[in-house]
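As a plain string of letters, each chain reads:
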Amino acid sequence: MLDRKKILEMLETFPIASNMVQRGMVGLQSFIKPMEIVLTQRTIPEKGWSDTQIRFFLEFLANLDSNNDPQAMRIGEREARVSTPILYDLTAGFIHGIGRSGNLKAAQPKAVGGSILNSLSDSFALNILKKHGLKSLQGAMTVPMGTGMTLMLAIKGILHQFSELTNKTQLIFPRMDHNSPRKAIELTGLENVTIESIYGKSLLDNYRTLKKNKYIEDYIKFIETHGTDAVYIPIQVIRDRITKKTFGVLSTTSFFPPRAPDNIIEIAKLAKEHNIAHIINNGYGVQSTTFMKMIEQAMRGGRVDAIVQSTDKNFLTPVGGAIIASPNKETIRKISEAYAGRANAAPILHFVVSMLSLGLNGFQQALQAQEENRSLLELELNNLAIQLNEMVLDVHNPIACMMSLKNLTYPQIEALGGFLYNLRVTGPRVVNPKTKDFGPSTQSYPHPYIVMNAAIGSRREDIIGAISNLKKAYLQVQQKFS
Ligand SMILES: *Cc1c(COP(=O)(O)O)cnc(C)c1O
């Protein structure tokens, strides 16, 4: 990016002492050098960049695009023409977007800078996921859609990739109560075979009456690891639902308690054994070393076709992007070809900017803060539970905690969320399984409850303030509806 010799020659023609010019170059070089390293190595810098560096870098890339070439004669129907310079700012100059009509990741002749940005984002995605545990990955790509739409795209790409799966019609979906994956399945046209989950304590009671074997002992260990108040989909039930029509399984790692992560290591073995696809919804699981280890082990010991994670929930970007990763490079290519048309560059740009700004160190620090906040959340919620004669339920979720609401009446539970909202607490989930079927990811969960999260990016003050206001809201609803 910087021809030092040439710049020196130019600067030295000015009436400034040579040693001063040399000194000036030192500063300029430390500004530019990190950009050269990123463009050569295509990895996320250890140390985050300043905003000035990021702006300079983006401007450099954007000027490779034809719409920013003042001499270009633009006679196409889509020529990155915009009505106001504000739109230049809002897109950082990447007005052409990314991709070509038949492939989300193909280089776009009019957008050389945007294409480099697109490719760099994929390298960054692979880099950060490998760094955080997914060593077996062979490919990753950023996608300009949320998690749900991206799951749909991944499934479509995999359907095209394997001729033996192309005509299959059913997708096995271990139940998790979020509408987005359900709609994703609907959009693929596959039949959704949802498998009910079972309360951990009931499963344990059941397993303890059975004759011990390795399968049962492993499952008891799995339940003890993830919490006895969590809900589970036993691997045996998944196995029983595989038929000649099965395309594959859509499993989940990170989700709201009481839903435990799926036993993806065993599902991967099943998928391999039955020659069916396995897609993992790792929504906000990058921030959990436990989930990342499970995924790596699943890739090593069985079949995983694609792993989907949200950019905003893991990497501190605005909503709108996701990353698809795979131990199979060809899968990534097939998925990028399943995308219809061009796309806005924003979600890709946001991911690159966030990674440049954080650097690997900044991301690591954010993960550490998340872990500390998760511990703090449990501690504070435990204290509150004692005061209210409630209990923190036995769910070992790496992001969230869950407290019972057994001393509240139905109308009080109903009102609690609204009271919290008015006290400026956002994001808690209040569920009464007796009145609401969708939420606990199981039928007849035995406790009404509240779930609170300590996700990446949350602050100590958020946790402390939210718990203090939860106490307030709890007492308010008790008073108001007594
Ligand atoms: C957030 C989330 C989704 C939905 O994400 P969108 O980006 O809104 O589509 C799906 N699954 C899981 C596990 C999630 O956490």
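Scroll up for the structure.
No experiment lies behind these values; they were computed from the predicted model shown. (Residues numbered from 1 in each chain as written. Predicted model: local features only at pLDDT ≥ 70, side-chain atom pairs only at ≥ 80, totals over all residues. Heavy atoms only, no water.)

Below, the discussion takes up a positive patch on the surface. Positive charge collects at one region of the surface, where Lys 130, Lys 131, Lys 135 and Lys 329 lie side by side. As for its position among the elements, Lys 329 is in helix α15 (residues 329-338). Given a relative accessible area of 60%, Lys 329 falls into the exposed group. (Patch = residues over 30% accessible without salt bridge, like charges linked within 9 Å, V, L, I, M, F, W, Y side chains within 5 Å. Areas by Shrake-Rupley, 256 points an atom, 1.4 Å probe, with all protein chains shown as cover. Salt bridge = Lys/Arg side-chain N within 4 Å of Asp/Glu carboxyl O. Lys, Arg positive; Asp, Glu negative; His and termini not counted. Charge placed at Lys NZ, Arg CZ, Asp CG, Glu CD. Helix = DSSP H or I, 4+ residues; strand = E, 2+ residues; numbered from the N terminus. Buried < 20%, exposed > 50% of the residue type's maximum accessible area, 1.4 Å probe, protein only.)

On to the pattern of salt bridges. Applying the stated criterion across every chain, the model contains 19 salt bridges. The shortest N-O distance in the salt bridge between Arg 459 and Asp 462 comes to 2.8 Å. With relative accessibility at 46%, the residue Arg 459 sits in the partly exposed group. With a relative accessible area of 31%, Asp 462 lands in the partly exposed category. Taken together, the shared-partner salt bridges connect Arg 4, Lys 33 and Glu 36 into one network.

This part takes up the packing of aromatic side chains. Tallying each qualifying case throughout the model produces eleven aromatic pairs. Consider the rings of Phe 315 and Phe 351, whose centres lie 5.3 Å apart with planes at 70°: the pair is edge-to-face. Placement of Phe 315 in helix α14 (residues 311-315) and of Phe 351 in helix α16 (residues 346-388) is noted, with a sequence separation of 36 residues between them. In this structure, Phe 315 and Phe 351 share a single accessibility class: buried. Joined through ring pairs, the aromatic side chains of Tyr 207, Tyr 215, Tyr 219, Phe 222 and Tyr 232 make up one cluster. A cation over an aromatic ring shows up here: Arg 303 above the ring of Phe 162, its NZ or CZ 4.7 Å from the ring centre. (Phe/Tyr/Trp six-rings, centres within 6.5 Å; stacked < 30°, edge-to-face > 60°. Lys NZ or Arg CZ within 6 Å of the ring centre and 35° of its normal.)

Below, the discussion takes up the packing of α16 against helix α18 (residues 460-480). Describing two packed helices takes the angle between their axes plus the distance from one axis to the other. Put simply, α16 and α18 touch, their axes get as near as 9 Å, and they point 20° apart. It follows that α16 is roughly parallel to α18 by the angle criterion. Considering only the axes of α16 and α18, their crossing is right-handed. For the pair α16 and α18, contact is made by Asn 373, Leu 376, Leu 377, Glu 380, Leu 381, Leu 384, Gln 387 and Leu 388 and by Arg 460, Ile 463, Ile 464, Ile 467, Leu 470, Lys 471, Tyr 474 and Leu 475, respectively. Of the residues assigned to the contact of α16 with α18, the class counts are eleven nonpolar, two polar and three charged. (Axes fitted to C-alpha atoms, helices over the stretch in contact; angles between N-to-C directions. Parallel < 35°, antiparallel > 145°, perpendicular 65-115°, else oblique. Left-handed = near helix turned anticlockwise from the far one by under 90°. Contact = heavy atoms within 4.5 Å. Nonpolar A, V, L, I, M, F, W, Y, C, P; charged D, E, K, R; others polar.)

The next thing to look at is the pairing of strand β8 (residues 306-310). Of all five residues making up β8, five are buried, and the element is well covered by its neighbours. Going residue by residue along β8, you find Ala 306, Val 308 and Ser 310 tucked away on one face and Ile 307 and Gln 309 tucked away on the opposite face as well. Pairing between strand β7 (residues 277-281) and β8: three bridges, direction parallel. From the neighbouring strand, Ile 280 faces β8, where its bridge partner is Ile 307. In the classification by handedness, the crossover that spans β7, the intervening helix α13 (residues 289-301) and the parallel β8 is right-handed. Of the strand pairs in this sheet, β8 and strand β9 (residues 322-326) are connected by four bridges, and their pairing is antiparallel. Paired with Gln 309 across the two strands is Ile 323, which belongs to β9. (Pairing = 2+ DSSP bridges. Right-handed = clockwise from strand over helix to strand, strands pointing away.)

With respect to burial, strand β1 (residues 139-143) is a largely interior element, five of its five residues being buried. Of the two faces of β1, the one holding Gly 139, Met 141 and Val 143 and the one holding Ala 140 and Thr 142 are both buried throughout. Strand direction decides the pairing type here: β1 and β9, joined by five bridges, are antiparallel. Counterpart to Thr 142 in the pairing with β9 is Ile 323.

The next thing to look at is the packing of helix α6 (residues 147-161) against α15. Running from amino to carboxyl end, α6 crosses α15 at an angle of 115°, the nearest separation of the two axes being 8 Å. Between α6 and α15, the angle is such that the two are roughly perpendicular. Where α6 crosses over α15, the handedness of that crossing is right-handed. Judged by residue contacts, Leu 153, Ala 154, Lys 156, Gly 157, Ile 158, His 160 and Gln 161 of α6 engage Glu 330, Thr 331, Lys 334, Ile 335 and Ala 338 from α15. Of the residues belonging to the contact of α6 with α15, the class tally is five nonpolar, four polar and three charged.

Below, the discussion takes up the sheet that holds strand β2 (residues 170-174). Spatially, seven strands are ordered β1-β9-β8-β7-β6-β2-β3 in an open sheet, and the strand pairing comes out mixed. The open sheet terminates on both sides in strands that have one partner only, identified here as β1 and β3 (191-195). Strand after strand, the sheet turns through a mean of 20° between neighbouring axes, direction not considered. The strands that helix α5 (residues 112-131) touches are β1, β8 and β9; relative to β1, the one it contacts most, it runs at about 120°.

Turning next to unusual backbone geometry. The residue after Pro 257, namely Pro 258, is reached through a cis peptide bond having omega 10°. Examined against the element boundaries, Pro 258 turns out to sit in the loop between β6 (246-252) and α12 (264-274). Backbone geometry at Ala 80 places phi at a positive 55°, although glycine is not the residue there. Relative to the assigned elements, Ala 80 resides in the loop between α3 (51-62) and α4 (85-91). Residue classification places Ala 80 among the buried positions, given a relative accessible area of 12%. Phi at Ala 92 takes a positive value of approximately 55°, unusual for a residue other than glycine. Tracing the chain through its elements places Ala 92 in the loop between α4 and α5. Classification of Ala 92 as buried rests on a relative accessible area of 17%.

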